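Working through the structure, step by step
If you want the building blocks of each chain, they are given just below.
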Protein chains: 2
Amino acid sequence: MEDLSTMQCEACRPEAPRVSEDEIRELHPQVPDWEIIEEDEVRRLQRVFKFGNFAEALDFTNKTGALAEEAGHHPAILTEYGQVTVTWWSHKIKGLHKNDFIMAAKTDQLLKH
Amino acid sequence: MEDLSTMQCEACRPEAPRVSEDEIRELHPQVPDWEIIEEDEVRRLQRVFKFGNFAEALDFTNKTGALAEEAGHHPAILTEYGQVTVTWWSHKIKGLHKNDFIMAAKTDQLLKH
């Protein structure tokens with residue numbers, strides 16, 4: 001199975017399919033630190049990243065923002081003292097697309113830089 | 001009445017008093033775009049700032065972050081495509097301190113720069 005973090009995020013059309021339960025069972029283990037949550041009836045991938053202070057948290061927010069701009073796919077990023085909560089979902093399909101799993105994997109990679 | 005945005009944010013001690021209802025009636029009109037919300041039984045000041053895209057939103061997040069670092073008082077900043085939601089409260093007293101109104105006023109000022 002190809003490493004999610006090396007894949008490209010594709011343009012998401014409104015008619016694109018949400019990931020199926022089978023796909024989730026395949027994809028989720030590749031981003032095990034991400035929780036699948038449901039908010040406003042929309043499934044999302046969410047992870048809390050911990051840091052030592054506010055500046056480090058904000059730095060990670062910027063790295064995640066740069067990743068998002070590069071991919072043309074944007075998460076919600078909650079920056080607080082010592083932590084950043086990143087949430088990915090696909091607005092156009094009101095749910096999870098494979099793209100979101102790819103972006104979650106790429107976000108994990110940011111920790112290594 | 002002194003302009004809130006010109007005041008300094010003071011170090012907040014755990015025993016510092018929360019703002020009284022009378023103080024809120026005096027302070028809130030100075031930051032009329034901020035809503036007083038209650039989350040997890042803690043009152044907070046919250047405002048949604050709208051922008052044209054993600055990059056502008058992230059730029060405002062950074063300006064707010066710099067303001068927070070300067071004051072040594074940190075909000076929650078939710079960055080999304082086209083908007084930033086800033087929430088101020090005083091963690092140590094689990095509620096609103098005059099500092100939070102000062103920081104809200106200073107956040108408003110960032111829009112003018």
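All values derive from a computational prediction rather than experimental measurement.

Focus on the relation of the copies chain A and chain B
Least-squares fitting of chain A to chain B yields an RMSD of 0.0 Å, with the superposition described by an axial translation of 0.0 Å and a rotation of 180 degrees. As the rotation angle and translation indicate, the two copies are arranged about a two-fold axis. If distances are taken from each C-alpha of chain A to the rotation axis, the shortest is found for leucine 78 of chain A, at 2.1 Å. Looking at the interface residues of chain A, 100% of them are also at the interface in chain B, so both copies use one shared face.

Points about the interface of chain A and chain B
In this complex, chain A contributes 17 residues to the contact, which on the side of chain B involves 17 residues. Summed over both sides, the interface of chain A with chain B buries roughly 1300 Å², with 68% coming from carbon and sulfur. Our count for the contact surface shared by chain A and chain B stands at zero salt bridges. In this assembly, chain A and chain B are joined by three residue pairs in polar contact (both at pLDDT 80 or more). Those elements giving two or more residues to the side of chain A that touches chain B turn out to be helix 2 (54–71) and strand 3 (76–80) of chain A. Considered class by class, the residues forming the side of chain A that touches chain B number ten nonpolar, five polar and two charged.

Focus on the packing of helix 2 of chain A against helix 3 (residues 98–110) of chain A
Packed helices, taken two at a time, are described by their axes: the angle between them and the distance between them. Residues and elements named next belong to chain A. As a packed pair, helix 2 and helix 3 sit with axes 10 Å apart at the nearest point and diverge in direction by 140 degrees. Classified by the angle their axes make, helix 2 and helix 3 are oblique. Here helix 2 and helix 3 pass one another in a crossing that is right-handed. Judged by residue contacts, Phe60, Lys63, Thr64, Leu67, Ala68 and Ala71 of helix 2 engage Met103, Lys106, Thr107 and Leu110 from helix 3. Among the residues forming the contact of helix 2 with helix 3, the class breakdown is six nonpolar, two polar and two charged.

Comments concerning the packing of helix 2 of chain A against helix 2 (residues 54–71) of chain B
Between helix 2 of chain A and helix 2 of chain B, whose axes approach to 11 Å, the crossing angle comes to 175 degrees. Here helix 2 of chain A is positioned roughly antiparallel relative to helix 2 of chain B, judged by the angle of their axes. On the side of helix 2 of chain A, the interface is formed by Phe54, Ala55, Leu58, Thr61, Asn62, Gly65, Ala68 and Glu69 of chain A, while helix 2 of chain B contributes Phe54, Ala55, Leu58, Thr61, Asn62, Gly65, Ala68 and Glu69 of chain B. Across the contact of helix 2 of chain A with helix 2 of chain B, the residue classes tally to eight nonpolar, six polar and two charged.

A short note on the side chain of threonine 85 of chain B
With respect to the secondary-structure elements, threonine 85 of chain B resides in strand 4 (residues 83–88). Once you skip the residues sitting within four places of it in the chain, threonine 85 of chain B turns out to touch Gln46, Arg47, Val48, Ala76, Ile77, Leu78 and Glu80 of chain B.

About the cut-offs
Residues numbered from 1 in each chain as written. Chains lettered and ligands numbered in written order. Predicted model: local features only at pLDDT ≥ 70, side-chain atom pairs only at ≥ 80, totals over all residues. Heavy atoms only, no water. Least-squares fit on C-alpha atoms with pLDDT ≥ 70 in both. Contact = heavy atoms within 4.5 Å. Buried area = accessible area lost by both parts, 1.4 Å probe. Salt bridge = Lys/Arg side-chain N within 4 Å of Asp/Glu carboxyl O. Polar contact = N/O pair within 3.5 Å; in protein donor to acceptor, adjacent residues only side chain to side chain. Helix = DSSP H or I, 4+ residues; strand = E, 2+ residues; numbered from the N terminus. Nonpolar A, V, L, I, M, F, W, Y, C, P; charged D, E, K, R; others polar. Axes fitted to C-alpha atoms, helices over the stretch in contact; angles between N-to-C directions. Parallel < 35°, antiparallel > 145°, perpendicular 65-115°, else oblique. Left-handed = near helix turned anticlockwise from the far one by under 90°.

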